[in-house]
Amino acid sequence: MNPYMVSRQKKASLLFFQILYRADQSVVVLPTKYLAYKTRANASPNTVKEIAFSLCYYLNYLESTDMNVGQVFELKFDEQHRHFTDFLRWLKLGCHLDKRRKKTPNNGTCNAYLQDVFGWYQFLETEEEQFQDLKVLSSHVVSFVNPAGIRFHLTKKTFRGYLPEEIHKGKRIEEDNILILLEHCTNLRDQLLILLLAETGFRIGEMLGVYYTKDINYQKHSVRVSFREGNENDARAKNAEYREAVISPETFRILMLYLSENRELLKKTEHLFINLSGPNAGKPLNANAVYAMMGRLETKTKIKVTPHMLRHYYAKQRRDSGWDIFLLSQALGHRHVDTTRQYLDEETDKLAKTAEQYFDQYGSLLMADKLL
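What you see as residue numbers is a count from 1 along each chain, following the sequence as written. With the structure being a predicted model, the display of local features is reserved for residues of pLDDT at least 70 and the display and counting of side-chain atom pairs for 80 or more, all residues being used for whole-chain, interface and lining totals. The side-chain numbers reported here are obtained from all heavy atoms of the structure, hydrogens and water having been left aside.

## Digging into the overall build of the protein
Move 1: Under the scheme used here, helices are H or I runs from DSSP no shorter than 4 residues and strands are E runs no shorter than 2 residues, and both carry numbers assigned from the N terminus. Helix and strand counts for the protein stand at 15 helices and eight strands.
Move 2: Pairs at least 24 apart in sequence give 56% of the contacts found in the protein among residues at least 6 apart.
Move 3: When the accessible surface of the protein is split by element, carbon and sulfur atoms take 51% of a total near 21,200 Å². The contact criterion used throughout is that any non-hydrogen atoms of two residues lie within 4.5 Å. Areas reported as accessible are Shrake-Rupley estimates using a 1.4 Å probe. Residue values count occlusion only from the protein chains shown.

What follows is the structure in structure tokens.
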């Protein structure tokens, strides 16, 4: 059994994560200090949770190598590089997983775990004076021009040993499939949730944190993301921010019908999305219930849907309709426009469209059509 584990503890309205040594349940100070910093810096509980598990996996890997963090800092460049690439391979083999779980992570997930680990190392470089910079992280400058024509330069640290990213499949969902899913919903709440996710691009935590009493402008037909701590369903905005999105007249009418149909239950809370039946009727809906609902829809329709896929749908539709990348980045709540570019995978789309245009103009390569 792996020697380290993740623990969670709630203090007042804040949810803190800790790394514990399994044998005696003692707190492992350095990674727990970093997790507390991320919590106090308003990172969402889900983000901190993901980082906690990434660090836990890494500490278990470190244990298997009989090394500690200080020794990793002192390694020569090639040894340090091998250490982290070996960690990626260790993850890819599923060595961090419970033996009962057979599905191993994809390359992108392994890389994300390592990125979280690098974030911790960079925190240690700043916070703990005895640690020096990691040799394997190289700096490079990313340049971009905003709509006003001003050029910005962003310095980023990268690692050249990440696993090659696989082609993403199933991140987006087409409009026809959304319509099929809506037809198979069993209640207005589920239809409204899918429609609002598709029309606002909000994250699921942001949507489940919407208050119908404060966050909906009934004159403008808009919904607002508001940052709040301590929601009963642990929902909240990711980046401690406020954003607003206008919804279609048709979706607004469904919203009003939903509020009318469930007005007695909604009196028990300010949250827009609630449980409609059972012992938790009237209480705020949580993310687990949403994923369960979407799983039932997939069983019925054979169409996979997640809140993140609906967010991708929103981004793709807006970009295709001509939205500026900076405006879209703001609408999605991304702190950096570079995140939005990666999110849309714009370079891949541009290459594909350019290739299609080339073939339309010049025909097939090497007269391959004559072989058919």
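Resuming the write-up.
## What to know about the environment of Leu91
Move 1: Topologically, Leu91 is positioned in helix H4 (residues 77–92).
Move 2: Not counting residues up to four positions away in its chain, the partners in contact with Leu91 are Tyr57, His96, Pro105, Cys110 and Tyr113.

## Overview of the pairing of strand E7 (residues 222–225)
Move 1: When DSSP finds at least two bridges between two strands, those strands are taken to pair. The pairing of strand E6 (residues 216–217) with E7 spans two bridges and is classified as antiparallel. Bridge pairing links Asn217 to Ser222 in E7.
Move 2: The loop that links E6 with its antiparallel partner E7 comprises four residues; one of these, His221, has a positive phi angle of about 60°.
Move 3: Across four bridges, the pairing between E7 and strand E8 (residues 243–246) is antiparallel. Residue pairing for E8: Val223 is matched across the bridge by Ala245.

## What about the sheet that holds E6?
Move 1: Reading across from one edge, E6-E7-E8 is the order of the three strands in this open sheet, with antiparallel pairing throughout. The open sheet has two edge strands with one neighbour each: E6 and E8.

## Points about the nonpolar core
Move 1: To form a nonpolar core, buried Ala, Val, Leu, Ile, Met, Phe, Trp, Tyr and Cys residues must be joined to one another through side-chain atoms within 4.5 Å. Residue exposure (1.4 Å probe, protein chains only): buried if accessible area is under 20% of the type maximum, exposed if over 50%, otherwise partly exposed. Grouped together as the largest cluster of nonpolar side chains are 45 residues, with contacts concentrated most on Ile173, Leu193, Tyr258, Leu272, Phe273 and Leu310.
Move 2: Mapped by element, the contributors of at least two residues to this core are helix H6 (175–184), helix H7 (188–200), helix H8 (204–208), E7, helix H9 (249–261), helix H10 (263–266), helix H11 (287–301) and helix H12 (307–320).
Move 3: Counting residues per element, this core draws most heavily on H7, at eight residues.
Move 4: Among residues more than four places away in sequence, those in contact with Phe273 are Arg189, Leu192, Leu193, Leu196, Met207, Leu208, Tyr258, Pro284 and Leu285.
Move 5: If you look at the next biggest cluster of nonpolar residues, it comprises 42 residues, including Leu88, Val117, Leu124 and Val136.

## Considering helix H5 (residues 107–127)
Move 1: What a helix is expected to span follows from its residue count: subtract one and scale by 1.5 Å. Under the 1.5 Å per step criterion, the end-to-end length of H5 is 30 Å for 21 residues, consistent within 8% with the ideal 30 Å.
Move 2: Put simply, Asn106 is the residue that caps the front of H5, since its side-chain oxygen is 3.1 Å from the backbone nitrogen of Gly108. N or O atoms closer than or at 3.5 Å make up a polar contact, with two conditions inside protein: a donor-capable atom paired with an acceptor-capable one, and, for residues adjacent in sequence, both atoms drawn from side chains.

## Re the sheet that holds strand E2 (residues 14–21)
Move 1: Reading across from one edge, E1-E2-E3 is the order of the three strands in this open sheet, with antiparallel pairing throughout. Across the chains shown, the open sheet's two edge strands, defined by having one partner strand only, are strand E1 (4–11) and strand E3 (26–27).
Move 2: In this sheet, E3 lies alongside E2 in antiparallel orientation, the contact comprising two bridges. Residue Leu20 lies in a different strand from E3, and its bridge partner there is Val27.
Move 3: Interaxial angles span 0 to 180 degrees and are taken between N-to-C directions of axes, which are lines fitted to C-alpha atoms, for helices over the stretch in contact. Where helix H2 (residues 45–65) meets the sheet, its contacts fall on E1 and E2, and the angle it forms with E2 comes to roughly 5°.

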